[in-house]
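# An overview of the molecular structure
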Amino acid sequence: MRPLRERIVVKARAGWMGMGRGAGSTALGLFQILPVFLCIFPSVTSPCKILKCNSEFLAATSGSHPPGTEEAPEFCTALRAYAHCTRRTARTCRGDLAYHSAVHGIDDLMVQHNCSKDGPTSQPRLRTLPPGDSQERSDSPEICHYEKSFHKHSATPNYTHCGLFGDPHLRTFTDSFQTCKVQGAWPLIDNNYLNVQVTNTPVLPGSTATATSKLTIIFKSFQECVDQKVYQAEMDELPAAFADGSKNGGDKHGANSLKITEKVSGQHIEIQAKYIGTTIVVRQVGRYLTFAVRMPEEVVNAVEDRDNQGLYLCLRGCPLNQQIDFQTFRSAQATEGRTRRKGPSLPASPEAFTYETATAKCREKLPVEDLYFQSCVFDLLTTGDVNFMLAAYYAFEDVKVLHSNKDKLHLYERTRDLAPGNAAPSGRPRALAALWAALLCLSWCWSVSL
């Protein structure tokens, strides 16, 4: 009995790339022809994105040991994702032979493996432990333990961090640091596994200084691991349970792979979503909320259509028209030596800070003058509320725990104008570089074929 992986390739040869089901062994299999297409025809040369779809499917179904029948659902998931990708590019691929071959091939494999056209279209590529591995196992399905699915001899997953705190300050998954207005409801995270939305409201009447007053996290139902769960927090209400009163992922066998833990009553909760390798920390500092997350890169990027996806602050950052240049603001404060508020006719705040008193206060908790320190100073000047100093302090404490790269804990402002010779490449050099890479690839493929 051939392994499933081998049977997939053989069946593809029998009916995929030929001119019909009767093409037999004379047709090339999908897994043979895709690398050739990817090498000779780079996707940048055509608006048809079928090669991108091909490469994603190839990546999703390659590299694992010979699978058994229990992995058919994972293969069907990859097929559905492949079909979804081809539908998105159908408009620009009407005359493309590779596109039509892929469409027919997907239909064939759907039938061969009894795959439903309805169902999930992506999931983290969890690596199965080899038989006999001595690693401690849980009573939950292996797919519900993202980190344990990586064998000790395999490369560990890459993790990244996003945080939101204060008035409000955003650290993105790419370690970009921004100060934003973003009043009202905004999405922080929106991928295939969870959705996080924050609502920011004015700190003082008539002020443009805002802070997070509401947070909603939706964990989407995932296979045999968890049911859909919703967590909501608001000012003066930081529950230690999901909206339905539960503290785990529901009634499924892997429900404990999603758990809420109360660290400090009414002030600090932690949510562990082990099935996607994710940790979320929510705090209430003063009246307002802070958010921090640690998440694997492949979960961060697990979106249906990243190129056309809407706003997602942790991934894309705040829109330019929502960003605040507090470097200019701080310079004005230092020069004038007095407090300047954001917005006209602000009422008196609980405490009025000058630039000097604000820096002295922030230095009590944040001795390193990085962007967390500067955010603290900014917030004290704009709100007069010392709780914002604590928000910056706890945001940095969360970074120390959640960020996987300890060399990137502190962030500092970068020079805006690039020096001569360091200018970002224009479109033409990038296009020439892409062309040169394509020619090298074509030359290599040609030499291999000789």
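Remember, predicted model here, so these are calculated numbers, not experimental data. (Residues numbered from 1 in each chain as written. Predicted model: local features only at pLDDT ≥ 70, side-chain atom pairs only at ≥ 80, totals over all residues. Heavy atoms only, no water.)

To continue, consider the overall build of the protein chain. Within the protein chain one finds twelve helices and eleven strands. The buried share of the protein chain, taken over its 450 residues, is 46%. When contacts within the protein chain are restricted to residue pairs at least 6 apart in sequence, long-range pairs at least 24 apart make up 56% of them. Counting every atom, the protein chain has about 22,700 Å² of accessible surface; 53% of that belongs to carbon and sulfur. (Helix = DSSP H or I, 4+ residues; strand = E, 2+ residues; numbered from the N terminus. Buried < 20%, exposed > 50% of the residue type's maximum accessible area, 1.4 Å probe, protein only. Contact = heavy atoms within 4.5 Å. Areas by Shrake-Rupley, 256 points an atom, 1.4 Å probe, with all protein chains shown as cover.)

In terms of backbone geometry, most residues other than glycine have negative phi values and most peptide bonds are trans. Unusually for a residue other than glycine, Asn-114 sits at a positive phi of about 50 degrees. Even without being glycine, Asp-175 reaches a positive phi, approximately 65 degrees.

Right, let's talk about the sheet that holds strand S5 (residues 194-202) for a bit. The strand order across the open sheet built from four strands is S4-S5-S6-S7, with neighbouring strands paired in antiparallel fashion. Unpaired on one side and paired on the other, strand S4 (184-190) and strand S7 (229-234) mark the two borders of the sheet. When strand polarity is set aside, the average angle formed by the axes of neighbouring strands in this sheet is 20 degrees. (Pairing = 2+ DSSP bridges. Axes fitted to C-alpha atoms, helices over the stretch in contact; angles between N-to-C directions.)

This part is about the side chain of Gln-284. Its location among the elements puts Gln-284 in strand S10 (residues 278-285). Residue Gln-284 is classed as buried on the basis of its relative accessible area of 12%. Within the structure, Gln-284 has its side chain in polar contact with the backbone nitrogen of Asp-236 (distance 2.8 Å). A polar atom in the side chain of Gln-284 sits 3.4 Å from the backbone oxygen of Gly-286. (Polar contact = N/O pair within 3.5 Å; in protein donor to acceptor, adjacent residues only side chain to side chain.)

Turning next to the environment of Gln-228. Assignment of secondary structure puts Gln-228 in the loop between strand S6 (210-219) and S7. Residue Gln-228 is classed as exposed on the basis of its relative accessible area of 51%. The spacing of Gln-228 and Tyr-193 is 35 residues in sequence and 9.7 Å in space, taken between C-alpha atoms. Non-local contacts of Gln-228, meaning those with residues more than four positions away in its chain, are made with Ile-218, Phe-219, Lys-220 and Ser-221.

Let us look at the pattern of salt bridges. The final tally for this structure, using the stated rule, is eight salt bridges. Put simply, Arg-171 and Asp-175 hold a salt bridge, and the shortest N to O gap is 3.0 Å. No difference in accessibility class separates Arg-171 from Asp-175, as the two residues are buried. Where Glu-369 meets Arg-363, a salt bridge forms, and the shortest distance between an N and an O atom there is 2.7 Å. Judged by relative accessible area, Arg-363 falls into the partly exposed class, the value being 39%. In this structure, a network of salt bridges that share partners links the residues Arg-171, Asp-175 and Lys-408. (Salt bridge = Lys/Arg side-chain N within 4 Å of Asp/Glu carboxyl O.)

Attention now goes to helix H10 (residues 371-383). Between the first and last C-alpha of H10 there are 18 Å, a value that for 13 residues agrees with the 18 Å anticipated at 1.5 Å per step. With 13 of 13 residues buried, H10 is to be regarded as a mostly interior element. For H10, the side-chain oxygen to backbone nitrogen distance between the N-cap and Tyr-372 is 3.2 Å, and the N-cap itself is Asp-370. (Expected span 1.5 Å × (residues − 1).)

Right, let's get into the packing of aromatic side chains. By the definition in use, this model includes nine aromatic pairs. An aromatic cluster is present here, built from Phe-165, Phe-177, Tyr-372 and Phe-396 joined pairwise through their rings. One Lys or Arg, Arg-294, reaches over the ring of Tyr-159 and ends 3.7 Å from the middle of that ring. Between the NZ or CZ atom of Lys-365 and the centre of the ring of Tyr-393, over which it lies, the distance is 4.7 Å. (Phe/Tyr/Trp six-rings, centres within 6.5 Å; stacked < 30°, edge-to-face > 60°. Lys NZ or Arg CZ within 6 Å of the ring centre and 35° of its normal.)

When pLDDT is averaged along the protein chain, the result is 74, and 65% of the positions lie at 70 or above. Per-residue pLDDT stays below 50 along residues 63-70; that stretch engages in seven contacts with residues further than four places along the chain or on separate chains. Confidence drops under pLDDT 50 across residues 125-138; counting only partners more than four residues distant or on other chains, this segment forms 32 contacts. (pLDDT = per-residue confidence, 0-100.)

Take the pairing of strand S11 (residues 288-296) next. Judged by how many residues are buried, S11 sits mostly within the fold: eight of nine residues are covered. The pairing of strand S1 (residues 159-165) with S11 spans six bridges and is antiparallel. Bridge pairing links Thr-160 to Met-295 in S11. Where S10 and S11 come together, seven bridges link them in antiparallel fashion. Across the sheet, residue Ile-280 finds its bridge partner in S11, namely Val-293. Here S10 folds back onto S11, and the loop between the two strands holds two residues, one of which, Gly-286, carries a positive phi near 70 degrees.

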